[in-house]
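One-letter residues, chain by chain:
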Amino acid sequence: MTGTRSPLYAQVEDALVARLRSDLRPGDRMPSEDELIGEFGVSRITVRRAVQNLVARGLVVTRPGRGSYVAVPRITQPLTELTGFVEDMEANGLAATARVLTVQEIPAPPGARRALELPLGSVVTFIERVRLANGHPISFDRTYLVPDLGRLVARDDLANEPVFALLEQRHDTPLVEATYALNAVTADPEIAAALETPEGSAVLRIERTSYTHDDRPVDYEVLHYRGETITFTTRLPRGTGARPNDESGPTTSPAQR
């Protein structure tokens, strides 16, 4: 660990970050202090400071008596505006990538047909991807696009270009708003394999339909997030029908009680 001006602990930290992004997965055990001392030829104090910095960055968690483990990336997403996966990851300081599994034109499944307001017998472009943050699988996405736009997007570089950006910047289709439906499910074998999580693990399932101008639906998605990775937040106004001084509920007379 010589030949650079950065402190030894920073060199160890950088080397471990590179390993986190290539060889290690969330939940994997980190090398022990003794293993790191032997590998890098540095002191225990240097190793501890490097690991402590990784903990402070949220990349590693320590478990007393058991060692250090690769942390699962944690994402906080405010539900205040329509954003895509890449935008959400960048807002959390994470690098977003995609692994494309499927791109094909298929008969529209009933849920996609209804969401996209297509007639019976319609086809859609079906895109299946695993979305990753800092190299770790976070979301398993199934996307259904209306055929005219889907045929264009299918020719694009979906491993490196997000669908939202393609629609808006390349295919002249601004996204105005979206509907969301969220519920908790357990990972079936396909989802578990895609997200590299045990079968039966908690997964957050999101149905999202995105609309362009004139209230036209163009993009229907079924997203599956690892349950431990994401927290949605929002801020809700009080309904206009609420009455002041009504916190205890309706009052009744003694005769009505």
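Quick note: structure is the one above.
Draft legend 1. Just the overall build of the protein, in detail. Of regular secondary structure, the protein possesses eight helices and ten strands. Taken over C-alpha atoms, the radius of gyration comes to 24 Å for the protein, far larger than the 18 Å a tight globule of 257 residues would show. Dimensions of the protein, computed from C-alpha atoms along their principal axes, come out at roughly 70 × 70 × 35 Å. Looking at the protein residue by residue over its 257 residues, the buried ones come to 41%. Taking contacts inside the protein between residues at least 6 apart in sequence as the whole, the part at least 24 apart equals 60%. Surface summary for the protein: the accessible area is close to 14,400 Å², and the carbon and sulfur share equals 50%. Positive and negative side-chain charges of the protein, numbering 29 and 35 respectively, have mean locations separated by a distance of 6 Å.

Draft legend 2. Region of the structure containing the nonpolar core. Judged by nonpolar contacts, the single largest core of 23 residues is most densely connected at Leu-116, Val-124, Tyr-144, Val-153, Val-163, Leu-167 and Tyr-220. Sorting the residues of this core by element identifies helix H5 (110-115), strand E5 (123-133), strand E6 (136-145), helix H6 (147-153), helix H7 (163-170) and strand E9 (216-226) as the ones contributing at least two each. For this core, the element with the most residues is H7, which contributes four residues. Excluding its chain neighbours within four sequence positions, the residues that come into contact with Val-124 are Gln-104, Glu-105, Ile-106, Ala-108, Pro-109, Leu-116, Leu-118, Tyr-144 and Leu-145. Counting 16 residues, the second-largest nonpolar core is a separate cluster that includes Val-12, Leu-16, Leu-24 and Phe-40.

Draft legend 3. Fine view of a negative patch on the surface. Residues Glu-81, Glu-87, Glu-90 and Glu-168 make up a contiguous surface patch of negative charge. Mapped onto the secondary structure, Glu-81 falls in the loop between strand E3 (75-78) and helix H4 (85-91). Given the relative accessible area of 56%, Glu-81 is considered exposed.

Draft legend 4. Structural view of the pattern of salt bridges. What the rule picks out here adds up to 15 salt bridges. Arg-48 is paired through a salt bridge with Glu-33; the nearest N and O atoms lie 2.8 Å apart. Residue Arg-48 is located in helix H3 (residues 44-56), and its partner Glu-33 is located in helix H2 (residues 33-40); the two are separated by 15 residues in the primary sequence. In this structure, the salt-bridge partner of Glu-128 is Arg-142, at a minimum N-O distance of 3.0 Å. Of this pair, Glu-128 sits in strand E5 while Arg-142 is found in strand E6, placing the two residues 14 residues apart along the sequence.

Rules used in this analysis
Residues numbered from 1 in each chain as written. Predicted model: local features only at pLDDT ≥ 70, side-chain atom pairs only at ≥ 80, totals over all residues. Heavy atoms only, no water. Helix = DSSP H or I, 4+ residues; strand = E, 2+ residues; numbered from the N terminus. Rg over C-alpha atoms; globule rule 2.2 N^0.38 Å. Buried < 20%, exposed > 50% of the residue type's maximum accessible area, 1.4 Å probe, protein only. Contact = heavy atoms within 4.5 Å. Areas by Shrake-Rupley, 256 points an atom, 1.4 Å probe, with all protein chains shown as cover. Lys, Arg positive; Asp, Glu negative; His and termini not counted. Charge placed at Lys NZ, Arg CZ, Asp CG, Glu CD. Core = buried A, V, L, I, M, F, W, Y, C linked by side-chain atoms within 4.5 Å. Patch = residues over 30% accessible without salt bridge, like charges linked within 9 Å, V, L, I, M, F, W, Y side chains within 5 Å. Salt bridge = Lys/Arg side-chain N within 4 Å of Asp/Glu carboxyl O.

No statement about biological role is implied by the geometric values presented.
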